[in-house]
Amino acid sequence: RAMRAILGSIAALLIFVMMTITVADVFGRYLFNRPIPGAFEVTEISLAIVIFVALPLVTLENGHIIVSLITEQISARAQRIQGFIAAGISTVVLVMIAWRLLRHGIQLTSYGDVTIFLRLPKGPLAFIMAALTLLAAGAAAVLAVRLLTGRADASSGVQL
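On a predicted model such as this, the values are computed, not experimentally measured, just so you know. Going along each chain's sequence as written, the residues are numbered from 1 onward. Under the rules for a predicted model, residues below a pLDDT of 70 receive no local features and side-chain atom pairs below 80 are neither given nor counted, while totals for whole chains, interfaces and linings still include all residues. Side-chain metrics rest on all non-hydrogen atoms present in the structure, leaving aside hydrogens and water.

**Remarks on the nonpolar core**
Thinking step 1. Each nonpolar core is a collection of buried residues, namely Ala, Val, Leu, Ile, Met, Phe, Trp, Tyr and Cys, held together in the definition by side-chain atoms within 4.5 Å. Buried means the residue's accessible area, taken with a 1.4 Å probe over protein chains only, is under 20% of the maximum for its type, while exposed means over 50%, and partly exposed covers the values in between. With 15 residues, the main nonpolar core has Leu7, Ile49, Phe52, Val53, Leu101, Met129 and Leu132 as its most contacted residues.
Thinking step 2. Where this core is concerned, the elements lending two or more residues are helix 1 (2–31), helix 2 (39–60) and helix 4 (123–148).
Thinking step 3. Working definition: helices are DSSP H or I runs of at least four residues, strands are E runs of at least two. Numbering for both runs from the N terminus. In terms of residue count, the dominant contributor to this core is helix 2 (6 residues).
Thinking step 4. The contact criterion used throughout is that any non-hydrogen atoms of two residues lie within 4.5 Å. Among all residues touching Met129, those that are not within four sequence positions of it are Ala48, Phe52 and Leu101.

**A word on helix 4**
Thinking step 1. Expected span of a helix, by definition, is 1.5 Å for each gap between consecutive residues, and there is one gap fewer than residues. For helix 4, which comprises 26 residues, the first-to-last C-alpha distance of 37 Å matches the rise-based estimate of 38 Å (1.5 Å per residue) to within 8%.
Thinking step 2. At the C-terminal side of helix 4, Gly150 shows a positive phi close to 85°.

**Observations concerning the environment of Val67**
Thinking step 1. Within the fold, Val67 resides in the loop between strand 1 (65–66) and helix 3 (76–111).
Thinking step 2. Since its relative accessible area comes to 54%, Val67 is described here as exposed.
Thinking step 3. Measuring from C-alpha to C-alpha, the distance between Val67 and Leu135 comes to 25 Å, with 68 residues separating the pair along the chain.

**Considering a nonpolar patch on the surface**
Thinking step 1. Only residues whose relative accessible area exceeds 30% and that take part in no salt bridge are eligible for patches, with like-charged residues grouped when within 9 Å of each other and nonpolar side chains (Val, Leu, Ile, Met, Phe, Trp, Tyr) grouped when within 5 Å. Per-residue accessibility takes into account occlusion by the displayed protein chains alone, with areas from the Shrake-Rupley method and a 1.4 Å probe. Salt bridge criterion: a side-chain nitrogen from Lys or Arg within 4 Å of a carboxyl oxygen from Asp or Glu. Together, Ile81, Phe84, Ile85, Ile89, Val93, Ile97 and Leu148 make up an exposed nonpolar region whose accessible area comes to about 590 Å².
Thinking step 2. Sorting elements by how many residues they give to the nonpolar patch places helix 3 first, with 6 residues.
Thinking step 3. Along the polypeptide, Val93 turns up in helix 3.

**Some thoughts on the side chain of Thr115**
Thinking step 1. Within the secondary structure, Thr115 sits in the loop between helix 3 and helix 4.
Thinking step 2. Of the residues examined, Thr115 reaches a relative accessible area of 10% and is grouped as buried.
Thinking step 3. Definition of a polar contact: a pair of N or O atoms within 3.5 Å, with one able to donate and the other able to accept a hydrogen when the atoms are protein atoms, and with sequence-neighbouring residues admitted only if both atoms are side-chain atoms. A polar side-chain atom of Thr115 sits 3.0 Å from a polar atom in the side chain of Glu41.

**Here's the deal with the packing of aromatic side chains**
Thinking step 1. Here a pair means two rings of Phe, Tyr or Trp (six-membered ring of Trp) with centres within 6.5 Å. Their orientation is stacked below 30 degrees between planes, edge-to-face above 60, and tilted elsewhere. The tally for this structure, following the rule as stated, stands at 0 aromatic pairs.
Thinking step 2. By definition, being over a ring means that NZ of Lys or CZ of Arg is both within 6 Å of the ring centre and within 35 degrees of the ring normal. The residue whose ring lies beneath Arg100 is Trp99, and the NZ or CZ to ring-centre distance is 5.4 Å.

**Considerations on the packing of helix 1 against helix 2**
Thinking step 1. As a packed pair, helix 1 and helix 2 sit with axes 9 Å apart at the nearest point and diverge in direction by 155°. When the interaxial angle is binned, helix 1 and helix 2 end up roughly antiparallel. Viewed along their axes, helix 1 and helix 2 form a crossing whose handedness is left-handed.
Thinking step 2. Looking at the contact of helix 1 with helix 2 residue by residue, the classes come out as 18 nonpolar, 4 polar and 2 charged. Here the axes come from fitting lines to C-alpha atoms, over the contacting stretch only for helices, and the angles between their N-to-C directions go from 0 to 180 degrees. An angle below 35 degrees is read as roughly parallel, one above 145 as roughly antiparallel, one from 65 to 115 as roughly perpendicular, and any other as oblique. Handedness of each helix crossing follows the sense of rotation of the near helix against the far helix: counterclockwise by less than a right angle gives left-handed, clockwise gives right-handed. Just so you know the grouping, Ala, Val, Leu, Ile, Met, Phe, Trp, Tyr, Cys and Pro go in nonpolar, Asp, Glu, Lys and Arg go in charged, and all remaining residues, Gly too, go in polar.

Below, the structure written as structure tokens:
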């Protein structure tokens, strides 16, 4: 619950920051001919972090999109097993992505790579993304166990 509250609050705050900067930038640009310097970069970075902050939340809630053409036809137990396998694969894939993001962050840091306008370092952003992806992998592992033990519903995602 604490993780949900913290990550949800961070996501909401970042979305509010993006909205505020965008509105202020549009007003500044069109009313005063003075856009906010670096507004695009701040919005771009905020959006990237929002996506990675939301990933563990959506994963833990089993809120990913589900295409239920075949799964509706199988038993609840088979759906839980299929969900367990999918969550297990997701865990492995997310760990691999986190590892690649960590390596990329190390590379960006070693180069001293920065954003074009605000000159913000890119390495820490990759480290944040790697940590959040690892947290999502943990959420996928928890979901897999919950599905296996019957404490989660395999069809609780957004169905198409």
